[in-house]
Amino acid sequence: MKILTAEFLTSSDCLKNCPIYNLPEVALIGRSNVGKSSFINTLVNRKNLARTSNTPGKTRLINFYKINDNLIIVDLPGYGYAKLSKSEQQKWQKNLEEYLKNRESLKSVIQLIDARHEVQNNDIQMRTWLEHYEIPIITVATKIDTISKNEAAKSVQNISKTLNVEVIPFSAKTGIGKQEILKILSAIISQGL
Ligand code: GTP
Ligand code: MG
């Protein structure tokens, strides 16, 4: 699949405010700073389509992007951002779960895991929750360019073993893994709504 067009559509705070697009949708989840927004930018060959930052923002919104007029990619704020107040965290958690559980067009979630670190408890919690609601998960190890080839292979194997799934190594910097992801997205598009 070639990316011909990519555009930002809108941001919504919760499910009831999410527009209905009648297109298959894929959402990115992962800890704060793992590289979700960068993942989108690399996928669509655009530097700043999705907003990235070194310091995670406080805005908790569901961000919608349209690709090739036939797929919606959703950028979600990361989990595990400790600087938010308890009540803000709880409110976002509720909105996030409601979106994931009840968004009819959501076909799959892409969970990003930082290749430099072990799988964290909140990654596992999120997966267990998604599995309970039978939401398909694609697992990606990000920032693979920051470690040596040897370490990268070890890390991917580790994540794969811990979660008992196939893991796609990815780098927003070098584009490693991009073609494999595009193939998977292409298959999701073919399956339709
Ligand atoms: P939140 O929206 O805060 O949850 O973060 P995020 O998951 O969207 O992360 P974001 O894409 O903003 O990236 C966070 C930082 O990691 C930025 O400084 C990116 O440039 C950097 N980064 C992301 N992906 C990669 C990668 O594959 N390689 C390298 N070297 N840096 C990356
Ligand atoms: Mg982001």
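Here is a short report on the structure shown in this document. (Residues numbered from 1 in each chain as written. Chains lettered and ligands numbered in written order. Predicted model: local features only at pLDDT ≥ 70, side-chain atom pairs only at ≥ 80, totals over all residues. Heavy atoms only, no water.)

### Here's the deal with the overall build of the protein
Then, in step 1: Helix and strand counts for the protein stand at 5 helices and 7 strands.
Then, in step 2: Written out in order from the N terminus, the α and β elements of the protein read β-β-α-β-β-α-β-α-β-α-β-α.
Then, in step 3: Relative to its length of 193 residues, the protein is compact, with a C-alpha radius of gyration of 16 Å against a globular reference of 16 Å.
Then, in step 4: In terms of overall dimensions, the protein has C-alpha extents of about 45 × 40 × 30 Å along its principal axes.
Then, in step 5: Within the span of the protein, comprising 193 residues, buried residues form 48% of the whole.
Then, in step 6: Put simply, of all contacts in the protein between residues at least 6 apart along the chain, 75% involve residues at least 24 apart.
Then, in step 7: Only carbon and sulfur atoms are counted for the fraction: they give 47% of the accessible area of the protein, which is about 10500 Å².
Then, in step 8: Taking the average place of the 26 positive charges on the side chains of the protein and the average place of its 18 negative ones, the gap between the two points comes to 5 Å. (Helix = DSSP H or I, 4+ residues; strand = E, 2+ residues; numbered from the N terminus. Rg over C-alpha atoms; globule rule 2.2 N^0.38 Å. Buried < 20%, exposed > 50% of the residue type's maximum accessible area, 1.4 Å probe, protein only. Contact = heavy atoms within 4.5 Å. Areas by Shrake-Rupley, 256 points an atom, 1.4 Å probe, with all protein chains shown as cover. Lys, Arg positive; Asp, Glu negative; His and termini not counted. Charge placed at Lys NZ, Arg CZ, Asp CG, Glu CD.)

### Points about the packing of aromatic side chains
Then, in step 1: According to the stated counting rule, one finds 4 aromatic pairs in the structure shown.
Then, in step 2: Ring geometry for W129 against Y133: centres 4.7 Å apart, planes inclined by 50°, an arrangement best described as tilted.
Then, in step 3: Residue classification places Y133 among the partly exposed residues on the basis of a relative accessible area of 34%. (Phe/Tyr/Trp six-rings, centres within 6.5 Å; stacked < 30°, edge-to-face > 60°.)

### Observations regarding the nonpolar core
Then, in step 1: F39, L43, I73, I110, V140, I181 and L185 are the most contacted members of the largest nonpolar core, which totals 26 residues.
Then, in step 2: For this core, the elements supplying multiple residues, two or more each, are β2 (25-30), α1 (36-43), β3 (62-67), β4 (71-75), β5 (106-114), β6 (137-142) and α5 (178-191).
Then, in step 3: Per-element tally for this core: the top contributor is α5, with 5 residues.
Then, in step 4: Once you skip the residues sitting within four places of it in the chain, V140 turns out to touch F39, I110, Q111, L112, I113, V167, I168, F170 and I181.
Then, in step 5: Counting residues in hydrophobic clusters, the runner-up holds 21 residues, among them L23, I72, L76 and M126. (Core = buried A, V, L, I, M, F, W, Y, C linked by side-chain atoms within 4.5 Å.)

### Regarding the side chain of K36
Then, in step 1: Considering the arrangement of structural elements, one finds K36 in helix α1.
Then, in step 2: Of the side chains bearing the opposite charge, D75 lies closest to the buried K36, which forms no salt bridge; the N-O distance is 5.9 Å.
Then, in step 3: Within the structure, K36 has its side chain in polar contact with the backbone oxygen of G30 (distance 3.2 Å).
Then, in step 4: Leave out the neighbours within four places in its chain, and K36 touches L28, I29, G30, R31, D75, L76, P77, G78 and L112. (Salt bridge = Lys/Arg side-chain N within 4 Å of Asp/Glu carboxyl O. Polar contact = N/O pair within 3.5 Å; in protein donor to acceptor, adjacent residues only side chain to side chain.)

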